[in-house]
Amino acid sequence: MQSIARAVIGAGLLLSASMVSAPTAEATDWLYCIFHPSKCICKSDPYRCRKAPEINAAGAPAAALLVLGGVAVVVGRRRRKNQ
Amino acid sequence: MQSADSLRWVATRLSAVVAVLLAEYAVLAVANDGLSLTRLPGWWANLAYATEVVGWVAAGVSATLLLGGEELRDQVREVSGAPTPIRLRWIALHALSLAAFALTSSRVFQLPPPRGATAVLLAGSWLLTGLLLLYAALRAALSDVLFRLARRVRGTVLAGAAFGALVSLVANKTLAAWEWLSGVTLGLAASLLAPFGGAVRVSVPELAIVMDDFGVIVAPGCSGIDGMTLVGLFMAGYLYRFRKRCRFPHTLLLLPLGVAFAFLFNGARIAALVWVGARVSPALGYGGFHSKVGWLSFCGLALGLAYASNRLPWFARGDAAGAAADEYENPTAAFCMPMLTLVGIGMLTNAFAEGLDLLYPLRVVGAVAVMFVYRDYYRGLARPGSLHAVFIGAIVFGLWLLFPPQADPGANAMFERQLGALPGWQRWVWLGFRLLGSIAVVPVVEELAFRGYLQRRLLAEDFPEVSFQRFSWLSLGVTSAVFGALHPNWFAGVLAGLAFAVATYVRGRLADAVFAHATANALLSMWALWFQRWELW
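Since this is a predicted model, take the numbers as computed values, not measurements.

**Considerations on the overall build of chain A**
And step 1. Along the backbone of chain A there are 5 helices and 1 strand.
And step 2. Along its sequence from the N terminus, chain A presents helices and strands in the succession α-α-α-α-α-β.
And step 3. The buried share of chain A, taken over its 83 residues, is 42%.

Next up, the structure:
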C-alpha cells in the first residue's frame, strides 16, 4: 500500500513539477513589477496591461500567508499536556 | 558515520544550493525585464522562456527520485560518507560566473536585441555562464558526490531525465489543448448563469461569454490550468510533508478531488465575474475581481483539503481526527487566527471594492471576535508598554516616510471622492473603524502572528515555551522578510519588521512590539489624514 501511495503522490508531483514553468514565469514578472512599478502600469506598457501581472499577482502574498498560516493552524492542534 | 547522517548532510547542502540559486534568480529577475523579449520577432524571443528549464529540471529530478526509490537512497548513503569540506575555490568560481551571468543577462534582456554573430556569441556566453554557476555551486557544496552518484546510477538518471523531459514535453504540448478546456469552462459558466435569467451567449471559437451587454474572453491561461497546477503542487507537497498523519490510500483521493474542484471553482469564478460585470458593475468586472476571487477560491480549496486530510476520520490516521475537541489545545490558532481572519475578510471585501473598501469595519470586528474567542491565551502577554517601544515606533514612522509606497494619484483621488460622497455619519463611522483598525487592532494581530508565533516557531516547535528574548539570525531574518513581503513597500516593511523584533528582544515582551507598531501606525494615520497621503494608509 505504501508503494502505491508513493507512486500516486509521485505521479502528482511529477505532473505538477512539469507544469511549474508558467507560474515561475509569472512570479518572475511579478518580481520585476514590484521593483519597477512605473514600467508595469497599463499606460506605459499596454502589452503588460493585457497580461496584467499587477492584477494577477497582487493577491499572491496574502494568499500564500492565508494558505501557509491556515495549514499551520490545521496541523498545530496538540493534545493537552495535563492529559 | 551513520547512514541517516550522510543522507541528511547531502539533503541539507542540496537545499542550501537551491536556496542560494533561487535568491540569485530573484535578484536577476528584479534587474531584468524578461517579458520585454517575448514580443520580439525571431529566435531571440526564445531566451525569455528560459524559465521552462525549471519545469524540465523539476520533472527530471522528480522522475529520477521516483524511479530510483530505495535503491537510489542506498546509493546516496554509500557515496556520500562524511560531509565534504566546502571548497572556497568553487565558491569563488561561482561568484565569478554569477557576475558574468548577470552582466550578460543585462545585455540579453536589453532592447533592441543584438544581431548576427554578436547575438549568437552573447546567447552562447549567457548559457555557458549560467551552466558554470550551477556547476560551481554544486561542486562547492557537495564536492563530487552528485557526479559520483550519477555515474553509479547512470541508468536511473538517464531514464529519469528522459521520462521527466517526456512528461514536461507532454505537459507543454497539452498547454495548447487548454483552449479546449476553455470551451468546457465556458459551457460550465453558462450553465451556472442560466438560473439567473438574462441572455447568456457563448462563442467557443472566440472563447467569449456574454451576459446582457457584458462579455469576457476566457484566455487559455484562465481555463483553470493555473489553479489546477497550484492545487496539484500544494496537495503533493502537503501529502508528502504530513504523510504520517494521512491514512493511505484513502487520502490519495484528495489529490484528483482537489484538481477537479479547482476546475469547477474556476467555472464558478468565470460565472461570478460575468454576473458581477452584467448586473453589479462593469468596472468591477473588468477590474481585479476575477483575480481576487481566484486567489480566494484557491485558499479555500487548499485549506479545505488540508482540513479534510487532517481531521476527517476517513482520511486522517490515528485517533486525532475523531477525538473530542476539549482534549486538545491549539496555541498556533490563538496566535495566527486573528491575522488570518483579518487577511481573509480583507481579500473577500476587497474583491467587491472599487477604491474605498466600504466593508473595512468587518475586518476589525472579525479580528476582535476571534481574539475574544482565544482570550485565555493572551493573559500573560498584556503588559504596559515602555518608552523604548514608543521611540522605536517613531523611528519606523520616519522610515515609512523615507521609503513611502508609490503614490497613485488616480487611486488617491478616487479614495477622496468616494469618502467625500458618503453621508456624514457613515464617513465618520468608516474613519473611526479605519483608525481603530490601524492603531489598535492591526498592531496586536500582526505582532501575535509574526513576533508571537513565527519568530518563536522558527526556534522551536513548542513555541509558547520560547522566550521572546531568544535570538537567532534565521528567525529574525525570515520573520522580518515575510512581514516586509506583505507590505506595499517591502523594503520599509522589512526594516519595520526588524525594528519591532528589536522592541521584543529588549525586555522579552510582545507588548513592546505591539506598542511600537501602534505608535508607528498612529503617527502614519495622523500624517495620512492631515496631508491626504492615502497611500501611506
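Don't stop here, the text continues.
**Points about the overall build of chain B**
And step 1. The number of helices and strands found in chain B is 19 helices and 4 strands.
And step 2. A burial count over chain B gives 37% of its 537 residues as buried.
And step 3. Pairs at least 24 residues apart make up 74% of the contacts formed inside chain B by residues separated by at least 6 positions.

**Quick look at the domain arrangement of chain B**
And step 1. Looking at chain B, the domain boundaries give domain 1 (3–152), domain 2 (176–325) and domain 3 (346–536).
And step 2. Placing a centre on the C-alpha atoms of domain 1 of chain B and another on those of domain 2 of chain B gives a separation of 34 Å.

**What to know about helix α14 (residues 387–402) of chain B**
All names here are of chain B.
And step 1. For α14, with 16 residues, the first-to-last C-alpha span of 23 Å sits near the 22 Å given by 1.5 Å per residue.
And step 2. For α14, the complete set of buried residues consists of A389, I392, G393, V396, F397 and W400. Within α14, the buried residues cover an arc of 150 degrees as seen down the axis, which keeps them to one side. In α14, the exposed positions angled more than 90 degrees off the buried face are occupied by L387, F391, G398 and L402.

**Remarks on the pairing of strand β1 (residues 200–203) of chain B**
Side-chain positions along a regular strand alternate between the two faces of the sheet.
All names here are of chain B.
And step 1. Pairing of β1 with strand β2 (residues 208–211) involves 4 bridges; the strand directions are antiparallel. Residue pairing across strands places V200 opposite M211, the latter belonging to β2.
And step 2. Counting the residues that bridge the hairpin from β1 to β2 gives 4 residues, and of these L207 lies at a positive phi of roughly 55 degrees.

**A closer look at the packing of helix α16 (residues 424–457) of chain B against helix α17 (residues 473–485) of chain B**
All names here are of chain B.
And step 1. Where α16 meets α17, the closest approach of the two axes is 9 Å, and the angle between their N-to-C directions is 135 degrees. Overall, the two elements α16 and α17 adopt an arrangement that is oblique. The two elements α16 and α17 cross, and the hand of that crossing is right-handed. Between α16 and α17, the contacting residues are F450, R451, L454 and Q455 on the first element and S475, T479, V482 and F483 on the second.
And step 2. Of the residues in the contact of α16 with α17, the class split is 4 nonpolar, 3 polar and 1 charged.

**Quick word on the environment of A260 of chain B**
And step 1. Mapped onto the elements of the fold, A260 of chain B is located in helix α9 (residues 254–280).
And step 2. Taking the C-alpha atoms as reference, A260 of chain B lies 32 Å from V370 of chain B; in sequence the two are 110 residues apart.

**A look at the packing of α16 of chain B against helix α18 (residues 490–507) of chain B**
Residues and elements named next belong to chain B.
And step 1. It is the contact of α16 with α18, at a shortest axis distance of 11 Å, that shows an interaxial angle of 70 degrees. By the angle between their axes, α16 is roughly perpendicular relative to α18. α18 is crossed by α16, and the crossing has right-handed handedness. Facing α16, whose interface residues are E447, F450, R451 and Q455, α18 presents G497, F500, A501 and T504.
And step 2. Within the contact of α16 with α18, the residues separate by chemical class into 3 nonpolar, 3 polar and 2 charged.

**Observations regarding the sheet that holds β2 of chain B**
All names here are of chain B.
And step 1. If you walk across this open sheet you meet the 3 strands as β1-β2-β3, and the pairing is antiparallel. One side of each edge strand has no neighbouring strand; the edge strands of this open sheet are β1 and β3 (214–217). The sheet shows a mean angle of 15 degrees between the axes of neighbouring strands, direction not considered.

**Things to note about helix α13 (residues 360–373) of chain B**
All names here are of chain B.
And step 1. For α13, with 14 residues, the first-to-last C-alpha span of 21 Å sits near the 20 Å given by 1.5 Å per residue.
And step 2. Within α13, the full set of buried residues consists of R363, V364, G366, A367 and V370. Buried residues of α13 fall within an arc of 165 degrees about the axis and therefore sit on the same side. Turned more than 90 degrees from where α13 packs its buried face, A369, F372 and V373 sit exposed.
And step 3. Contacts from the buried residues of α13 go to α12 (331–351) and α16.

**Focus: unusual backbone geometry**
Residues and elements named next belong to chain B.
And step 1. F248 connects to P249 through a cis peptide bond whose omega is 5 degrees.
And step 2. Within the element layout of this structure, P249 appears in the loop between α8 (225–241) and α9.
And step 3. Non-glycine residue S143 carries a positive phi angle of around 50 degrees.
And step 4. In this structure, D212 is a non-glycine residue whose phi angle is positive, near 50 degrees.

**Quick notes on the nonpolar core**
Across soluble globular proteins, nonpolar side chains have a tendency to be buried as a group.
All names here are of chain B.
And step 1. V231, V274 and A302 are the most contacted members of the largest nonpolar core, which totals 99 residues.
And step 2. Residue contributions to this core peak at 12 residues, all from α9.
And step 3. What V274 contacts, discounting residues up to four positions off in sequence, is A189, L193, I209, M211, F214 and V216.
And step 4. Ranked by size, the runner-up nonpolar core spans 16 residues in total, among them V10, L133, A141 and L142.

**Considering the pairing of β2 of chain B**
And step 1. Pairing of β2 of chain B with β3 of chain B, which is carried by 4 bridges, proceeds in the antiparallel orientation. Paired with I209 of chain B across the strands is V216 of chain B, a residue of β3 of chain B.

**A look at the confidence of the model for chain A**
Residue and element names in this part refer to chain A.
And step 1. Looking at chain A, the pLDDT average stands at 67 and 37% of residues meet or exceed 70.
And step 2. Mean pLDDT across the elements of chain A ranges from a minimum in helix α4 (residues 53–56), with 46, to a maximum in helix α5 (residues 60–75), with 88.
And step 3. Across residues 50–55 the pLDDT falls below 50, and counting only partners more than four positions away or on other chains, this stretch makes 10 contacts in the model.

**A look at the environment of V429 of chain B**
And step 1. Relative to the helices and strands, V429 of chain B resides in helix α16.
And step 2. In the structure, V429 of chain B is positioned 99 residues away from N330 of chain B in sequence and 35 Å away in space, judged by C-alpha atoms.

Reading the values: the criteria
- Residues numbered from 1 in each chain as written.
- Chains lettered and ligands numbered in written order.
- Predicted model: local features only at pLDDT ≥ 70, side-chain atom pairs only at ≥ 80, totals over all residues.
- Helix = DSSP H or I, 4+ residues; strand = E, 2+ residues; numbered from the N terminus.
- Buried ≥ 20, exposed ≤ 12 C-beta atoms within 10 Å, placed from the backbone.
- Contact = placed C-beta atoms within 7 Å.
- Domains from an automatic or database assignment.
- Expected span 1.5 Å × (residues − 1).
- Arc of directions from axis to C-beta.
- Pairing = 2+ DSSP bridges.
- Axes fitted to C-alpha atoms, helices over the stretch in contact; angles between N-to-C directions.
- Parallel < 35°, antiparallel > 145°, perpendicular 65-115°, else oblique.
- Left-handed = near helix turned anticlockwise from the far one by under 90°.
- Nonpolar A, V, L, I, M, F, W, Y, C, P; charged D, E, K, R; others polar.
- Core = buried A, V, L, I, M, F, W, Y, C linked by C-beta atoms within 7 Å.
- pLDDT = per-residue confidence, 0-100.

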